[in-house]
Amino acid sequence: MAGATTIVQLRVSDVRFPTSLEQHGSDAMHTEPDYSVAYVVIETDGGHEGYGLTFTLGKGTEVVVCAVEALSAFVVGRTLQEIVGDFRAFYRLLTSDGQMRWIGPEKGVIQLATAAVLNAVWDLWARVEGKPLWKLLVDMEPRKLVSCIDFRYITDALTEEEALDILVKAQEGKCQREEEMLRDGYPAYTTSCAWIGYSDQQLKELCTKALSHDWTRFKVKVGADLQDDVRRCRLVRQMIGPDNTLMIDANQRWDVQEAITWVSHLAEFKPLWIEEPTSPDDILGHAVISKVWPGRVEEGLDLGPGTVGHRCGHRGAVPQPRDVQAAAAGLRTAVRADRQLSPGQRQREPGRDSDGLQIPCARVPPCRRRRALRAGPAPDPL
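Residues numbered from 1 in each chain as written. Predicted model: local features only at pLDDT ≥ 70, side-chain atom pairs only at ≥ 80, totals over all residues. Heavy atoms only, no water.

Peer 1: Mind laying out the side chain of Thr-56, listing which residues take part and the relevant values?
Peer 2: Along the polypeptide, Thr-56 turns up in strand β3 (residues 49–56). Using a relative accessible area of 8% as the deciding quantity, one classes Thr-56 as buried. Setting aside its immediate chain neighbours within four residues, Thr-56 contacts Asp-34, Tyr-35, Ser-36, Val-37, Thr-61 and Val-64. (Helix = DSSP H or I, 4+ residues; strand = E, 2+ residues; numbered from the N terminus. Buried < 20%, exposed > 50% of the residue type's maximum accessible area, 1.4 Å probe, protein only. Contact = heavy atoms within 4.5 Å.)

Peer 1: Outline the packing of aromatic side chains, supporting the account with residue identities and numerical values.
Peer 2: Counted under the stated rule, the structure contains nine aromatic pairs. Note on Phe-87 and Trp-125: the rings are 6.0 Å apart at their centroids and 20° apart in plane angle, and the pair reads as stacked. Pair noted here: Phe-87 is in helix α3 (residues 87–95) and Trp-125 is in helix α4 (residues 108–129), with a separation of 38 residues, a long-range link. Both residues of the pair, Phe-87 and Trp-125, count as buried. Both rings, one in Tyr-189 and one in Trp-273, keep their centres 5.7 Å apart while their planes meet at 80°; by these two values the pair is edge-to-face. Taken together, the residues span a long stretch of sequence, with Tyr-189 in strand β4 (residues 188–189) and Trp-273 in strand β7 (residues 273–275) at a distance of 84 residues. By the burial criterion, Tyr-189 is buried, and Trp-273 matches it. (Phe/Tyr/Trp six-rings, centres within 6.5 Å; stacked < 30°, edge-to-face > 60°.)

Peer 1: I'd like to hear about the pattern of salt bridges, residue by residue, with values.
Peer 2: One pass over the full model with this rule turns up 20 salt bridges. Glu-82 is the partner of Arg-78 in a salt bridge, and the nearest nitrogen-oxygen pair spans 2.7 Å. Residue Arg-78 is classed as partly exposed on the basis of its relative accessible area of 25%. The shortest N-O distance in the salt bridge between Asp-150 and Arg-92 comes to 2.9 Å. Of this pair, Asp-150 sits in the loop between α6 (142–147) and α7 (160–169) while Arg-92 is found in helix α3, placing the two residues 58 residues apart along the sequence. Relative accessible area serves as the criterion here: at 4%, Asp-150 is assigned to the buried category. We classify Arg-92 as partly exposed; its relative accessible area is 31%. Counted as one network, the salt bridges with shared partners bring together Lys-131, Lys-135, Asp-139 and Glu-178. (Salt bridge = Lys/Arg side-chain N within 4 Å of Asp/Glu carboxyl O.)

Here it is in C-alpha coordinates:
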(Lines give C-alpha, C1' and ligand atoms only; values in the text may rest on other atoms or scores of the structure.)
Protein backbone atom coordinates (compact mmCIF):
# COMPACT_ATOMS: atom_id res chain seq x y z
CA MET A 1 0.00 0.00 0.00
CA ALA A 2 2.03 2.93 -1.32
CA GLY A 3 1.54 6.41 0.18
CA ALA A 4 -0.96 7.67 2.72
CA THR A 5 -4.63 7.60 1.79
CA THR A 6 -6.61 10.06 3.91
CA ILE A 7 -10.35 9.72 4.38
CA VAL A 8 -11.86 13.12 3.63
CA GLN A 9 -15.59 12.43 3.68
CA LEU A 10 -18.15 9.81 4.73
CA ARG A 11 -21.55 9.94 3.04
CA VAL A 12 -24.53 7.81 4.04
CA SER A 13 -27.79 7.29 2.16
CA ASP A 14 -31.17 5.86 3.12
CA VAL A 15 -31.99 3.46 0.25
CA ARG A 16 -35.29 1.57 0.28
CA PHE A 17 -37.02 -0.89 -2.05
CA PRO A 18 -40.79 -1.55 -1.92
CA THR A 19 -40.45 -5.32 -1.56
CA SER A 20 -43.55 -5.51 0.63
CA LEU A 21 -45.78 -4.83 -2.38
CA GLU A 22 -45.33 -8.40 -3.57
CA GLN A 23 -44.35 -10.00 -0.25
CA HIS A 24 -40.72 -10.40 -1.21
CA GLY A 25 -38.65 -10.98 1.92
CA SER A 26 -41.68 -11.74 4.11
CA ASP A 27 -41.38 -14.05 7.10
CA ALA A 28 -43.35 -14.91 10.25
CA MET A 29 -42.15 -11.87 12.19
CA HIS A 30 -41.62 -9.39 9.36
CA THR A 31 -44.69 -9.71 7.21
CA GLU A 32 -44.34 -6.53 5.16
CA PRO A 33 -40.63 -5.68 4.90
CA ASP A 34 -39.31 -3.05 2.54
CA TYR A 35 -35.76 -4.31 2.12
CA SER A 36 -33.47 -1.35 2.61
CA VAL A 37 -29.92 -0.33 3.44
CA ALA A 38 -28.01 2.42 5.13
CA TYR A 39 -25.44 2.83 2.36
CA VAL A 40 -22.06 4.31 3.20
CA VAL A 41 -19.52 5.80 0.80
CA ILE A 42 -16.06 6.67 2.13
CA GLU A 43 -14.13 9.16 -0.01
CA THR A 44 -10.36 9.69 0.10
CA ASP A 45 -7.91 12.30 -1.13
CA GLY A 46 -6.41 9.77 -3.53
CA GLY A 47 -9.58 9.13 -5.52
CA HIS A 48 -10.35 5.71 -4.02
CA GLU A 49 -13.74 5.12 -2.46
CA GLY A 50 -15.08 2.39 -0.19
CA TYR A 51 -18.67 1.19 -0.15
CA GLY A 52 -20.46 -0.46 2.74
CA LEU A 53 -24.01 -1.17 3.78
CA THR A 54 -26.07 -2.49 6.60
CA PHE A 55 -29.40 -4.19 6.09
CA THR A 56 -32.73 -2.84 7.35
CA LEU A 57 -36.44 -3.37 6.67
CA GLY A 58 -37.63 0.12 5.77
CA LYS A 59 -38.86 2.26 8.67
CA GLY A 60 -35.99 2.93 11.02
CA THR A 61 -33.34 3.19 8.34
CA GLU A 62 -33.23 6.91 9.02
CA VAL A 63 -32.25 6.13 12.62
CA VAL A 64 -29.32 3.99 11.42
CA VAL A 65 -28.31 6.82 9.08
CA CYS A 66 -28.17 9.21 12.05
CA ALA A 67 -26.01 6.73 13.95
CA VAL A 68 -23.62 6.40 10.99
CA GLU A 69 -23.32 10.17 10.84
CA ALA A 70 -22.47 10.22 14.54
CA LEU A 71 -19.75 7.60 13.98
CA SER A 72 -18.27 9.47 11.02
CA ALA A 73 -16.27 11.70 13.39
CA PHE A 74 -14.14 8.67 14.26
CA VAL A 75 -13.36 8.00 10.58
CA VAL A 76 -12.95 11.26 8.67
CA GLY A 77 -9.42 12.65 8.82
CA ARG A 78 -7.76 9.30 9.47
CA THR A 79 -5.52 7.59 6.96
CA LEU A 80 -6.33 4.11 5.72
CA GLN A 81 -2.81 3.09 6.67
CA GLU A 82 -3.41 4.21 10.25
CA ILE A 83 -6.64 2.20 10.42
CA VAL A 84 -5.38 -1.06 8.90
CA GLY A 85 -2.15 -0.81 10.86
CA ASP A 86 -4.20 -1.53 13.98
CA PHE A 87 -7.66 -2.56 12.84
CA ARG A 88 -8.56 -3.92 16.25
CA ALA A 89 -7.92 -0.52 17.82
CA PHE A 90 -10.07 1.13 15.13
CA TYR A 91 -12.90 -1.30 15.86
CA ARG A 92 -12.69 -0.48 19.56
CA LEU A 93 -12.66 3.22 18.74
CA LEU A 94 -16.04 2.79 17.05
CA THR A 95 -17.55 0.53 19.71
CA SER A 96 -15.99 1.73 22.96
CA ASP A 97 -16.49 5.48 23.02
CA GLY A 98 -17.36 6.34 26.61
CA GLN A 99 -20.65 7.96 25.63
CA MET A 100 -21.71 6.27 22.38
CA ARG A 101 -21.34 2.72 23.72
CA TRP A 102 -24.21 3.39 26.14
CA ILE A 103 -26.58 2.89 23.19
CA GLY A 104 -24.70 -0.15 21.84
CA PRO A 105 -22.06 -1.22 21.33
CA GLU A 106 -22.73 -4.61 19.70
CA LYS A 107 -26.49 -4.63 19.54
CA GLY A 108 -29.24 -2.68 17.84
CA VAL A 109 -28.85 0.54 15.88
CA ILE A 110 -25.23 1.19 16.86
CA GLN A 111 -24.19 -2.29 15.76
CA LEU A 112 -25.92 -1.76 12.41
CA ALA A 113 -24.27 1.62 11.93
CA THR A 114 -20.85 0.27 12.94
CA ALA A 115 -21.27 -2.59 10.46
CA ALA A 116 -21.93 -0.18 7.57
CA VAL A 117 -18.84 1.88 8.43
CA LEU A 118 -16.57 -1.13 8.95
CA ASN A 119 -17.75 -2.79 5.75
CA ALA A 120 -16.96 0.40 3.83
CA VAL A 121 -13.46 0.53 5.35
CA TRP A 122 -12.82 -3.12 4.46
CA ASP A 123 -14.02 -2.41 0.92
CA LEU A 124 -11.77 0.64 0.68
CA TRP A 125 -8.80 -1.43 1.82
CA ALA A 126 -9.50 -4.07 -0.84
CA ARG A 127 -9.89 -1.48 -3.58
CA VAL A 128 -6.64 0.26 -2.68
CA GLU A 129 -4.94 -3.15 -2.86
CA GLY A 130 -6.65 -3.81 -6.21
CA LYS A 131 -8.36 -7.01 -5.00
CA PRO A 132 -11.88 -8.22 -4.32
CA LEU A 133 -12.42 -8.42 -0.57
CA TRP A 134 -12.38 -12.21 -0.42
CA LYS A 135 -8.96 -12.20 -2.05
CA LEU A 136 -7.66 -9.58 0.39
CA LEU A 137 -8.65 -11.90 3.24
CA VAL A 138 -7.28 -15.04 1.57
CA ASP A 139 -3.91 -13.42 0.86
CA MET A 140 -3.56 -11.91 4.33
CA GLU A 141 -0.93 -13.43 6.60
CA PRO A 142 -2.51 -15.34 9.51
CA ARG A 143 -1.03 -13.03 12.14
CA LYS A 144 -2.31 -9.95 10.32
CA LEU A 145 -5.81 -11.38 9.93
CA VAL A 146 -5.97 -12.33 13.60
CA SER A 147 -4.83 -8.82 14.54
CA CYS A 148 -7.96 -7.43 12.85
CA ILE A 149 -10.28 -9.33 15.21
CA ASP A 150 -11.29 -8.11 18.65
CA PHE A 151 -11.22 -11.10 21.03
CA ARG A 152 -12.73 -9.23 23.95
CA TYR A 153 -15.36 -11.34 25.75
CA ILE A 154 -14.65 -14.56 23.82
CA THR A 155 -11.21 -15.65 25.01
CA ASP A 156 -12.68 -18.43 27.16
CA ALA A 157 -13.92 -19.95 23.89
CA LEU A 158 -11.16 -18.86 21.52
CA THR A 159 -7.94 -17.04 22.30
CA GLU A 160 -5.88 -15.04 19.84
CA GLU A 161 -3.18 -17.70 19.97
CA GLU A 162 -5.67 -20.48 19.22
CA ALA A 163 -7.11 -18.54 16.28
CA LEU A 164 -3.61 -17.99 14.93
CA ASP A 165 -2.85 -21.69 15.26
CA ILE A 166 -6.02 -22.57 13.30
CA LEU A 167 -5.06 -20.23 10.48
CA VAL A 168 -1.41 -21.31 10.37
CA LYS A 169 -2.41 -24.98 10.13
CA ALA A 170 -4.94 -24.07 7.42
CA GLN A 171 -2.18 -22.68 5.21
CA GLU A 172 -1.55 -26.22 4.03
CA GLY A 173 -3.76 -26.82 1.03
CA LYS A 174 -4.90 -23.18 0.83
CA CYS A 175 -3.84 -22.81 -2.80
CA GLN A 176 -5.76 -25.92 -3.78
CA ARG A 177 -8.87 -24.68 -1.96
CA GLU A 178 -8.63 -21.33 -3.71
CA GLU A 179 -8.31 -23.06 -7.07
CA GLU A 180 -11.34 -25.18 -6.21
CA MET A 181 -13.36 -22.07 -5.40
CA LEU A 182 -12.39 -20.38 -8.64
CA ARG A 183 -13.13 -23.54 -10.60
CA ASP A 184 -16.35 -24.71 -8.92
CA GLY A 185 -17.63 -21.61 -7.18
CA TYR A 186 -18.85 -21.28 -3.60
CA PRO A 187 -21.94 -23.30 -2.63
CA ALA A 188 -24.95 -21.22 -1.68
CA TYR A 189 -28.58 -21.70 -0.80
CA THR A 190 -31.63 -19.72 -1.83
CA THR A 191 -34.52 -18.30 0.19
CA SER A 192 -36.09 -16.58 -2.81
CA CYS A 193 -38.45 -19.47 -3.55
CA ALA A 194 -40.26 -19.64 -0.23
CA TRP A 195 -40.96 -16.31 1.40
CA ILE A 196 -43.88 -16.75 3.76
CA GLY A 197 -46.20 -14.45 1.82
CA TYR A 198 -45.83 -16.33 -1.46
CA SER A 199 -48.69 -18.40 -2.88
CA ASP A 200 -48.32 -22.11 -3.55
CA GLN A 201 -48.24 -21.37 -7.27
CA GLN A 202 -45.34 -18.96 -6.76
CA LEU A 203 -43.48 -21.59 -4.73
CA LYS A 204 -43.88 -24.12 -7.54
CA GLU A 205 -42.80 -21.71 -10.26
CA LEU A 206 -39.80 -20.39 -8.32
CA CYS A 207 -38.62 -23.85 -7.24
CA THR A 208 -38.82 -25.02 -10.85
CA LYS A 209 -36.81 -22.00 -12.00
CA ALA A 210 -34.21 -22.42 -9.25
CA LEU A 211 -33.75 -26.09 -10.05
CA SER A 212 -33.20 -25.21 -13.71
CA HIS A 213 -30.39 -22.90 -12.55
CA ASP A 214 -28.72 -25.70 -10.56
CA TRP A 215 -29.78 -24.68 -7.07
CA THR A 216 -29.66 -27.63 -4.67
CA ARG A 217 -30.30 -26.01 -1.27
CA PHE A 218 -33.58 -24.29 -0.37
CA LYS A 219 -34.72 -22.43 2.74
CA VAL A 220 -38.40 -22.14 3.68
CA LYS A 221 -39.77 -19.42 5.94
CA VAL A 222 -42.04 -20.89 8.64
CA GLY A 223 -43.68 -19.95 11.92
CA ALA A 224 -46.95 -18.12 11.25
CA ASP A 225 -49.38 -21.03 10.84
CA LEU A 226 -48.53 -24.68 11.47
CA GLN A 227 -50.84 -26.17 8.86
CA ASP A 228 -49.59 -23.71 6.25
CA ASP A 229 -46.02 -24.66 7.15
CA VAL A 230 -46.72 -28.36 6.80
CA ARG A 231 -48.35 -27.79 3.41
CA ARG A 232 -45.61 -25.49 2.13
CA CYS A 233 -42.74 -27.68 3.36
CA ARG A 234 -44.37 -30.71 1.78
CA LEU A 235 -44.79 -28.80 -1.47
CA VAL A 236 -41.18 -27.63 -1.55
CA ARG A 237 -39.86 -31.07 -0.65
CA GLN A 238 -41.93 -32.58 -3.46
CA MET A 239 -40.61 -29.97 -5.88
CA ILE A 240 -36.92 -30.31 -4.99
CA GLY A 241 -36.88 -34.06 -4.41
CA PRO A 242 -35.36 -36.16 -1.61
CA ASP A 243 -31.71 -35.55 -2.51
CA ASN A 244 -31.67 -31.76 -2.36
CA THR A 245 -31.36 -29.88 0.93
CA LEU A 246 -34.19 -28.12 2.73
CA MET A 247 -33.82 -25.75 5.70
CA ILE A 248 -36.47 -23.91 7.74
CA ASP A 249 -36.35 -20.47 9.36
CA ALA A 250 -38.82 -19.15 11.97
CA ASN A 251 -37.25 -15.68 12.39
CA GLN A 252 -37.53 -15.69 16.20
CA ARG A 253 -41.31 -16.29 16.19
CA TRP A 254 -41.68 -18.98 18.90
CA ASP A 255 -41.24 -19.53 22.59
CA VAL A 256 -38.99 -22.46 23.41
CA GLN A 257 -41.67 -25.08 24.05
CA GLU A 258 -43.70 -23.83 21.09
CA ALA A 259 -40.61 -24.22 18.90
CA ILE A 260 -40.09 -27.81 20.06
CA THR A 261 -43.72 -28.73 19.36
CA TRP A 262 -43.80 -26.91 16.00
CA VAL A 263 -40.60 -28.33 14.54
CA SER A 264 -41.63 -31.87 15.53
CA HIS A 265 -44.44 -31.55 12.98
CA LEU A 266 -41.95 -30.48 10.30
CA ALA A 267 -39.35 -33.18 10.96
CA GLU A 268 -40.85 -35.48 8.31
CA PHE A 269 -39.55 -33.12 5.62
CA LYS A 270 -35.98 -33.68 6.86
CA PRO A 271 -34.81 -30.08 7.21
CA LEU A 272 -31.09 -29.72 7.73
CA TRP A 273 -31.67 -27.04 10.36
CA ILE A 274 -34.16 -24.83 12.10
CA GLU A 275 -32.95 -21.23 12.08
CA GLU A 276 -33.86 -18.63 14.70
CA PRO A 277 -36.52 -20.74 16.44
CA THR A 278 -36.71 -18.32 19.39
CA SER A 279 -35.18 -15.10 20.71
CA PRO A 280 -31.57 -14.77 19.48
CA ASP A 281 -30.54 -13.77 23.01
CA ASP A 282 -31.98 -16.90 24.63
CA ILE A 283 -28.86 -19.04 24.80
CA LEU A 284 -30.33 -21.66 27.15
CA GLY A 285 -33.49 -21.81 25.04
CA HIS A 286 -31.47 -22.69 21.96
CA ALA A 287 -29.66 -25.33 23.99
CA VAL A 288 -32.94 -26.90 25.11
CA ILE A 289 -34.26 -26.98 21.53
CA SER A 290 -31.01 -28.49 20.23
CA LYS A 291 -31.26 -31.36 22.72
CA VAL A 292 -34.62 -32.55 21.42
CA TRP A 293 -34.42 -31.49 17.77
CA PRO A 294 -32.60 -34.09 15.64
CA GLY A 295 -31.33 -31.50 13.14
CA ARG A 296 -29.21 -28.43 13.70
CA VAL A 297 -30.27 -25.27 15.50
CA GLU A 298 -28.95 -22.11 13.86
CA GLU A 299 -28.68 -18.65 15.40
CA GLY A 300 -29.17 -16.82 12.11
CA LEU A 301 -27.93 -13.37 11.14
CA ASP A 302 -29.10 -11.64 14.33
CA LEU A 303 -26.17 -13.05 16.25
CA GLY A 304 -25.68 -10.08 18.51
CA PRO A 305 -22.55 -9.69 20.62
CA GLY A 306 -19.71 -12.16 20.35
CA THR A 307 -20.61 -13.38 23.81
CA VAL A 308 -23.97 -14.64 22.51
CA GLY A 309 -22.36 -16.30 19.50
CA HIS A 310 -19.80 -18.34 21.37
CA ARG A 311 -22.13 -19.20 24.27
CA CYS A 312 -24.58 -20.60 21.72
CA GLY A 313 -21.75 -22.58 20.18
CA HIS A 314 -20.91 -24.03 23.59
CA ARG A 315 -24.54 -24.91 24.21
CA GLY A 316 -25.12 -26.62 20.88
CA ALA A 317 -26.58 -23.88 18.67
CA VAL A 318 -24.25 -23.03 15.80
CA PRO A 319 -23.86 -19.36 14.76
CA GLN A 320 -23.98 -18.64 11.05
CA PRO A 321 -20.95 -16.80 9.65
CA ARG A 322 -22.71 -15.98 6.39
CA ASP A 323 -22.60 -13.01 4.11
CA VAL A 324 -25.95 -11.81 5.50
CA GLN A 325 -24.33 -11.62 8.90
CA ALA A 326 -21.69 -9.35 7.41
CA ALA A 327 -24.49 -7.20 5.99
CA ALA A 328 -26.14 -6.97 9.40
CA ALA A 329 -23.27 -7.00 11.88
CA GLY A 330 -20.14 -6.35 9.84
CA LEU A 331 -17.41 -8.44 8.29
CA ARG A 332 -15.45 -8.56 11.53
CA THR A 333 -18.38 -10.23 13.33
CA ALA A 334 -18.79 -12.79 10.55
CA VAL A 335 -15.07 -13.59 10.54
CA ARG A 336 -14.98 -13.88 14.32
CA ALA A 337 -18.01 -16.19 14.32
CA ASP A 338 -16.39 -18.36 11.66
CA ARG A 339 -13.23 -18.71 13.76
CA GLN A 340 -15.35 -19.94 16.69
CA LEU A 341 -16.68 -22.89 14.71
CA SER A 342 -14.87 -26.15 15.07
CA PRO A 343 -13.33 -27.52 11.85
CA GLY A 344 -16.11 -30.11 11.69
CA GLN A 345 -18.83 -27.50 12.03
CA ARG A 346 -17.17 -25.31 9.41
CA GLN A 347 -17.02 -28.18 6.95
CA ARG A 348 -20.71 -28.92 7.45
CA GLU A 349 -21.75 -25.35 6.75
CA PRO A 350 -23.77 -25.78 3.53
CA GLY A 351 -23.29 -22.35 2.05
CA ARG A 352 -24.09 -18.71 2.04
CA ASP A 353 -27.56 -17.23 1.88
CA SER A 354 -28.40 -15.85 -1.55
CA ASP A 355 -31.93 -14.53 -1.19
CA GLY A 356 -31.24 -11.94 -3.85
CA LEU A 357 -32.29 -9.01 -1.70
CA GLN A 358 -29.73 -8.42 1.01
CA ILE A 359 -26.33 -7.97 -0.59
CA PRO A 360 -24.84 -6.96 -3.94
CA CYS A 361 -24.41 -9.87 -6.38
CA ALA A 362 -26.47 -12.13 -4.11
CA ARG A 363 -28.46 -13.51 -7.03
CA VAL A 364 -25.41 -15.25 -8.48
CA PRO A 365 -26.31 -18.98 -8.46
CA PRO A 366 -23.74 -21.70 -7.68
CA CYS A 367 -23.03 -22.40 -11.33
CA ARG A 368 -22.02 -18.75 -11.78
CA ARG A 369 -20.18 -18.13 -8.50
CA ARG A 370 -16.90 -18.80 -10.30
CA ARG A 371 -17.43 -15.66 -12.39
CA ALA A 372 -18.09 -13.54 -9.31
CA LEU A 373 -15.01 -14.86 -7.53
CA ARG A 374 -12.75 -14.02 -10.47
CA ALA A 375 -14.03 -10.46 -10.66
CA GLY A 376 -12.15 -7.56 -9.19
CA PRO A 377 -13.71 -4.82 -7.07
CA ALA A 378 -17.11 -3.86 -8.42
CA PRO A 379 -18.05 -0.30 -9.34
CA ASP A 380 -20.33 1.69 -7.08
CA PRO A 381 -23.65 -0.23 -7.34
CA LEU A 382 -25.62 2.97 -6.76
